[in-house]
Amino acid sequence: KFFREGANEEIEHARKMTQYLNTRGNIVTATRISSPGEPVTNCTAESALRGALDLEKQVTQHITNLHQLAEQDPNVQDFLDPFLTEQFEGIAKINRYLALFERGADKSLIEFHLNQQLAK
């Protein structure tokens, strides 16, 4: 559920950005987006979270780059600010989960606990 909600959030971000660009008179054309990698089976919660963290950091960097490009357009920067805030919050949340693994406790117990928490 945790990863599905994250994916839905990113889809909503894309919808909002497209809508914003269209409102400003731009024409947005959709292109195929390649998968960030091969589907993974039988991975651990820790490795899934590390992969998610890497992707969150990449998205955050892309939005940061857009923010910097828009330095002459404060309206665009204001539009992007909430996206950056959400990205930073998402990174912090994943880092909190990963910190559990780094404390050296029983990984199977941590995975069980995370599965319970992330399924809510």
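Everything that follows concerns the structure shown earlier in this document.
Remember, it's a predicted structure, so these values are computed and weren't measured experimentally.

Asker: Explain helix α3 (residues 74-102) to me, and be specific about the residues and the numbers.
Answerer: Between its first and last C-alpha, α3 extends 40 Å over 29 residues, near the 42 Å set by a 1.5 Å rise per residue. The largest bend in α3 amounts to roughly 30° and is located at Leu80, with the proline Pro82 lying one to four residues further along. Residues of α3 that are buried: Val76, Gln77, Leu80, Phe83, Leu84, Gln87, Ile91, Ile94, Tyr97, Leu98 and Phe101. Where α3 terminates, the next one or two residues include Gly104, which has phi positive at roughly 85°.

Asker: Please provide a residue-by-residue account of the pattern of salt bridges, values included.
Answerer: Pairing between side chains becomes possible if they bear opposite charge and their charged atoms approach one another. Inspection of the entire model under this criterion finds four salt bridges. Asp73 is the partner of Arg24 in a salt bridge, and the nearest nitrogen-oxygen pair spans 2.6 Å. You can see Arg24 sitting in the loop between α1 (2-23) and α2 (45-69) and its partner Asp73 sitting in the loop between α2 and α3, a full 49 residues away along the chain. According to the relative accessible area criterion, Arg24 is partly exposed, its value standing at 40%. The partner of Arg50 in a salt bridge is Glu102, with the nearest N and O atoms 3.2 Å apart. Taken together, the positions of Arg50 in helix α2 and Glu102 in helix α3 put the pair 52 residues apart, joining distant regions of the chain. By relative accessible area, Glu102 is classed as exposed at 56%. A single salt-bridge network, built from bridges that share partners, covers Glu46, Arg50 and Glu102.

Asker: Describe the layout of surface pockets, listing the residues and the values that go with them.
Answerer: Approximately 1700 Å³ is the volume found for the largest pocket. Surrounding the largest pocket, 42 residues form its lining, Gly6, Ala7, Glu10, Leu55 and Val59 being those nearest its centre. Listing elements by their share of the lining of the largest pocket, those giving two or more residues are α1, α2 and α3. Among the elements that make up the lining of the largest pocket, the one with the highest residue count is α1 (13 residues). Considering only residue class, the lining of the largest pocket consists of 21 nonpolar, 13 polar and eight charged.

Procedures and definitions
Residues numbered from 1 in each chain as written. Predicted model: local features only at pLDDT ≥ 70, side-chain atom pairs only at ≥ 80, totals over all residues. Heavy atoms only, no water. Helix = DSSP H or I, 4+ residues; strand = E, 2+ residues; numbered from the N terminus. Expected span 1.5 Å × (residues − 1). Bend = angle between axes of the 7 residues up to and from the residue. Buried < 20%, exposed > 50% of the residue type's maximum accessible area, 1.4 Å probe, protein only. Salt bridge = Lys/Arg side-chain N within 4 Å of Asp/Glu carboxyl O. 1 Å grid on protein atoms, 1.4 Å probe; cavity = no way out; pocket = protein on both sides within 12 Å on 5 of 7 lines; lining within 4 Å. Points joined across faces, edges and corners; volume = space filled by probe spheres on them. Nonpolar A, V, L, I, M, F, W, Y, C, P; charged D, E, K, R; others polar.

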